[in-house]
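# Coordinate inspection notes
The primary structure of each chain is shown beneath.
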Amino acid sequence: MLVTKCGHIRKLILESSETDLSRIDLPDLPGGPEIFEKAAKFCYGENFEITVRNVAALRCAGEYLEMSEAYCQENLISRTEEFLAQAALTTFSGAIAVLKSCEELLPMAAELEIVQRCLDVASLKAYNESNSPMRPPPGRWMEELSILSVDSFKQFMVSLKSRGARMQTLAATVMTFAERSLRELVRDRTGGAAISGRAGDTNLRRRQRETLEGIVGTMPDEKTAFPVSFLCCLLRAAIFLDSALAVRGELEQRVAAVLEHAAVDDLLAVGMGYEGERVVDHESAHPGLDEIDREKVCSIMDPLSLSYNARVHASQNKRLPVQVVLHVVYYDQLTVRCEDHKLSDASITRNQVSADVSLIRENESLRMELEKMKAIVSDMQRSSEPAAAAKTSKRPTFFASVSKTFGKLNPFRHGSKDTSQIESITCGSIDVTKPKKRRFSLS
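Residues numbered from 1 in each chain as written. Predicted model: local features only at pLDDT ≥ 70, side-chain atom pairs only at ≥ 80, totals over all residues. Heavy atoms only, no water.

## A short note on the packing of helix H13 (residues 228–240) against helix H14 (residues 245–257)
With their axes 9 Å apart at the nearest point, H13 and H14 run at an angle of 155° to one another. Classified by the angle between their axes, H13 and H14 sit roughly antiparallel to one another. Between H13 and H14 the crossing geometry is left-handed. Of H14, the residues touching H13 (which contributes Leu-231, Cys-232, Leu-234, Leu-235, Ala-238 and Ile-239) are Arg-248, Leu-251, Glu-252, Arg-254 and Val-255. Here the contact of H13 with H14 is built from residues that sort into 8 nonpolar, no polar and 3 charged. (Axes fitted to C-alpha atoms, helices over the stretch in contact; angles between N-to-C directions. Helix = DSSP H or I, 4+ residues; strand = E, 2+ residues; numbered from the N terminus. Parallel < 35°, antiparallel > 145°, perpendicular 65-115°, else oblique. Left-handed = near helix turned anticlockwise from the far one by under 90°. Contact = heavy atoms within 4.5 Å. Nonpolar A, V, L, I, M, F, W, Y, C, P; charged D, E, K, R; others polar.)

## Some details on the state of the cysteines
One pass over the structure, following the stated rule, counts 0 disulfides. Unpaired in terms of disulfides, Cys-6 finds its nearest cysteine sulfur in Cys-43, a separation of 3.9 Å. Of the residues examined, Cys-6 reaches a relative accessible area of 0% and is grouped as buried. Not part of a disulfide, Cys-102 finds its nearest cysteine sulfur in Cys-118, a span of 4.9 Å. For Cys-102, a relative accessible area of 1% gives the class buried. (Disulfide = S-S within 2.5 Å. Buried < 20%, exposed > 50% of the residue type's maximum accessible area, 1.4 Å probe, protein only.)

## What about a nonpolar patch on the surface?
Together, Met-373, Ile-376 and Met-380 make up an exposed nonpolar region whose accessible area comes to about 250 Å². For Ile-376, the position within the fold is in helix H19 (residues 322–383). (Patch = residues over 30% accessible without salt bridge, like charges linked within 9 Å, V, L, I, M, F, W, Y side chains within 5 Å. Areas by Shrake-Rupley, 256 points an atom, 1.4 Å probe, with all protein chains shown as cover. Salt bridge = Lys/Arg side-chain N within 4 Å of Asp/Glu carboxyl O.)

## Here we look at the packing of helix H8 (residues 114–131) against helix H10 (residues 150–162)
A pair of packed helices can be characterised by two numbers: the angle between their axes and the separation between those axes. Packing of H8 against H10 leaves a shortest axis separation of 9 Å and a crossing angle of 55°. On the basis of their axis angle, the class for H8 and H10 is oblique. The two elements H8 and H10 cross, and the hand of that crossing is right-handed. For the pair H8 and H10, the contacting residues are Val-115, Leu-119, Asp-120, Ala-122, Ser-123, Ala-126 and Tyr-127 in the first and Ser-152, Gln-155, Phe-156, Ser-159 and Leu-160 in the second. Across the contact of H8 with H10, the residue classes tally to 7 nonpolar, 4 polar and 1 charged.

## Structural notes on H10
In this model H10 runs 18 Å from its N-terminal to its C-terminal C-alpha over 13 residues, within 8% of the 18 Å that 1.5 Å per residue would give. Of the positions making up H10, those classed as buried are Val-150, Ser-152, Phe-153, Phe-156, Met-157, Ser-159 and Leu-160. Among the residues trailing H10, Gly-164 stands out with phi positive, at a value near 85°. (Expected span 1.5 Å × (residues − 1).)

## Thoughts on the confidence of the model for the protein
Summarising the model, the protein shows a mean pLDDT of 76, and 65% of its residues fall at 70 or more. By mean pLDDT, the top-scoring element of the protein is helix H6 (residues 92–102) (96), and the lowest-scoring one is helix H21 (residues 398–409) (54). Scored below 50 in pLDDT, residues 189–194 shows 19 contacts in the model against residues more than four places distant or in partner chains. (pLDDT = per-residue confidence, 0-100.)

## Some points on the pattern of salt bridges
Side chains bearing opposite charge may pair, as long as their charged atoms lie close to each other. Enumeration according to the criterion identifies 15 salt bridges in this entry. A salt bridge links Arg-140 to Glu-144, with the shortest nitrogen-to-oxygen separation between them at 3.8 Å. Note that Arg-140 and Glu-144 are positioned in helix H9 (residues 139–144) at a spacing of 4 residues, about one turn of the helix. Counted as one network, the salt bridges with shared partners bring together Arg-59, Glu-63, Glu-81 and Arg-117.

Structural data, given as structure tokens:
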């Protein structure tokens, strides 16, 4: 049955000079032994399933084995073509799945125009969905592109651009593909992705570098089509993967075009490696920038957001514009003055409280002495009341003199000191109850 349906095998047998024809070599058969087994089942009438994942390989195998209508009606070529037209290439998902399978079937899949047909169907479906008023969320079909290699993705983007897709659609497609295909390096656009234990895998890094460079090559010409956070994340990955200078230069130009929208974290992420080490100084990387360009680059830097070490570095960096250095130095001086002022105020307050506490203690001691003296004088007064009554009209009494004398000694005669605002700054507690105004006279 193989001979009757496979023109290639028939020719090999007829042209062979070997006596034993039980073994035939088919070194270039698309799809390998697995696809040949399915082709053989087809020839012998056994059931097997044609799917979007094997239809391209079966179509290429049918072409290689020359299983055309010239040798048998409804042969493998016509059956696979029918499946492609009526099933596989009727949906976006089917077209992408077939396109993915074609990556292992080149160049034959391209020569049979299977690749181009997949691209045409996929780009048309994507264009219609992105421009339809009732379109579903665009992320759904964009995420399906992540199974493609970067070369297939580039071909898809070319086809999508040729249909006149909007800039927003093209940019969103590129960002989604980058986030899915470079998951370890470009994740949630923050640069916070962790590197797995395969960091030393040179083959992995080589594939990632090729993917990144391919992604940059598919970007729309519009420099401001992408958010600065995404561009900074790609630039960081390009530095980490040691991508080509042209690729890094392209990303730097795109970052510069939208630099005014950059946040501090975006710029810090570019200069820091994936393990926290500093990998690049953008000022030293571009020594040819003039003063005006440097001021533009550094204009978004806020000294208030820099750490102390970063401010010290900035103040000693001769490549920074003078205006930026002055801002940093001025802020440092202002900070120092504020701290010194706070320390000075605290010292004055501490000394004042200490003096006030001492005065309170002295006043309390004097008050107690006055109370004792008042008690003694009261006793003396009670014992000498008859004699004092007789001399009241002639001269001042002894007790009046004593009262006048102690009145002069009274430290509170000009009003008591208000200590309501005194607060203790020591670990202990001091009773600073505001003393009541009293008249310290003897009667």
